[in-house]
Amino acid sequence: GGTYVDDVFSSYLYKGTGATQTITNEIDLSGEGGLVWIKNRTLGDAYNFNLYDTERGATKFLVSNANDGEDTSATRLNQFNNNGFRLGGNTVVNASNKNFISWNFRKAPGFFDVVTYTGTGSARTVAHNLGSVPGCIMIKRTDANSDWVVYHRAVGPTEALRLDSSAGAGGGSTRFNDTAPTASVFTVGTTSHVNANGGSYVAYIFAGGESTAATARSVDFNGS
């Protein structure tokens with residue numbers, strides 16, 4: 001059979017308990033791999049966005065609204081399952097009686113991939129398994145405080161965006177070496193945000209654009 005949206009993506013709402021709880025959203029994270037992105041909806045800016053992926057492993061989190069490096073907590077997301085994930089009682093992801101949302105992206109060709117790599121300090125390519133040309137790539141250095149760097153096809157490889165800033169696009173030449181990604185690799189430049197010699201990085205890679213295949217069932221909206 002085919003792969004459906006609810007096999008690879010879930011926007012899942014849950015109520016915090018303050019104690020260990022298992023979130024069942026039918027996304028196979030332990031078997032296929034992927035990303036879980038969590039936010040407290042009740043307390044807003046009082047708590048950060050937390051990101052967990054299967055390449056770095058459970059308990060290790062990043063914050064998308066700040067430039068902090070990777071941190072670890074056994075009481076936040078501490079297990080990936082074949083139908084969701086498990087949380088400890090930490091208030092950032094599971095405060096009692098508070099409302100949360102989790103966005104869950106499963107690794108799948110033509111949809112999403114997660115890649116970790118070590119920087120070299122020289123412009124280089126990084127292999128991925130998306131199987132299609134990425135529409136968006138979010139890169140974060142994990143071993144140090146460093147801005148999130150975002151490639152988006154609407155901006156192109158000569159510019160870069162940031163998750164942790166309201167600033168406009170800029171600085172793409174040192175981030176993506178002015179080179180667009182392909183169906184098998186993306187290119188990083190020389191800046192420490194994406195490629196410091198010996199630095200550790202994670203990249204979240206999203207497919208983009210409507211399919212041109214004759215059998216496609218996707219739709220492109222133009223705003224009208």
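Just above, that's the structure.
Residues numbered from 1 in each chain as written. Predicted model: local features only at pLDDT ≥ 70, side-chain atom pairs only at ≥ 80, totals over all residues. Heavy atoms only, no water.

Q: Can you help me understand the sheet that holds strand β2 (residues 21-24) in this one?
A: Two strands in a sheet stick together by hydrogen bonds in their backbones, pointing the same way (parallel) or opposite ways (antiparallel). Pairing is antiparallel across the open sheet formed by three strands, whose spatial order is β2-β8-β7. Only two strands of the sheet have a single neighbouring strand rather than two, namely β2 and β7 (77-81). When the angles between neighbouring strand axes are averaged without regard to direction, this sheet yields 20°. Taken together, the four bridges between β7 and strand β8 (residues 84-87) define a ladder with antiparallel strand orientation. The residue bridging Phe80 from the neighbouring strand is Phe85, located in β8. (Pairing = 2+ DSSP bridges. Helix = DSSP H or I, 4+ residues; strand = E, 2+ residues; numbered from the N terminus. Axes fitted to C-alpha atoms, helices over the stretch in contact; angles between N-to-C directions.)

Q: Looking at this structure, I do not really get unusual backbone geometry. What am I missing?
A: Excluding glycine, a negative phi dihedral is what most residues carry, and trans is how most peptide bonds are arranged. Of note in this structure, Asn97 is not a glycine but carries a positive phi near 65°. With respect to the helices, strands and loops of the structure, Asn97 is situated in the loop between α3 (91-94) and β9 (99-106). Notably, Asn177 is not glycine yet its phi reads approximately 55°, a positive angle. Note on placement: Asn177 falls in the loop between α4 (172-176) and β14 (185-188).

Q: Is there a simple way to think about the nonpolar core in this case?
A: Across soluble globular proteins, you tend to see nonpolar side chains buried next to one another. If you look at the biggest cluster of nonpolar residues, it comprises 18 residues, and the most contacted ones within it are Ile38, Leu77, Phe85 and Leu87. Going through the elements one at a time, β3 (34-40), β7, β8 and α3 are the ones with two or more residues in this core. Sequence-distant contacts of Leu77, that is, excluding residues within four places in its chain, are made with Val36, Ile38, Tyr52, Ala58, Thr59, Phe85, Arg86, Leu87 and Val93. Of all hydrophobic cores here, the second largest spans 17 residues; its members include Val126, Leu130, Val149 and Phe186. (Core = buried A, V, L, I, M, F, W, Y, C linked by side-chain atoms within 4.5 Å. Buried < 20%, exposed > 50% of the residue type's maximum accessible area, 1.4 Å probe, protein only. Contact = heavy atoms within 4.5 Å.)

Q: Looking at this structure, I do not really get the packing of aromatic side chains. What am I missing?
A: To describe a pair of aromatic rings, you give the distance between the ring centres and the angle between the ring planes. Considering all chains together, one arrives at 14 aromatic pairs under this definition. Look at Phe105 and Phe111: their rings are 6.3 Å apart centre to centre, the planes differ by 25°, and that puts the pair in the stacked class. On the basis of an interplanar angle of 85° and a centroid distance of 5.3 Å, the ring pair of Phe105 and Phe206 is categorised as edge-to-face. Here Phe206 lies in strand β15 (residues 200-207) and Phe105 lies in strand β9, a separation of 101 residues in the sequence. The buried category is assigned to Phe206, whose relative accessible area is 13%. One aromatic cluster is present, built from ring pairs that chain together Phe9, Phe105, Phe111, Phe112, Trp148, Tyr204 and Phe206. Over the ring of Phe61 we find Arg76, and its NZ or CZ is 4.2 Å from the ring centre. (Phe/Tyr/Trp six-rings, centres within 6.5 Å; stacked < 30°, edge-to-face > 60°. Lys NZ or Arg CZ within 6 Å of the ring centre and 35° of its normal.)

Q: Please clarify how the pattern of salt bridges should be interpreted in this entry.
A: Evaluated as defined, the whole model comprises seven salt bridges. Taking the shortest distance from any N to any O, the salt bridge between Lys107 and Asp113 comes out at 3.8 Å. Exposure remark for Lys107: the relative accessible area of 19% places this residue in the buried category. Two residues, Arg162 and Asp164, come together in a salt bridge whose shortest N-O distance is 3.6 Å. For Asp164, a relative accessible area of 17% puts it in the buried group. The network of salt bridges with common partners includes Asp53, Arg56 and Glu70. (Salt bridge = Lys/Arg side-chain N within 4 Å of Asp/Glu carboxyl O.)

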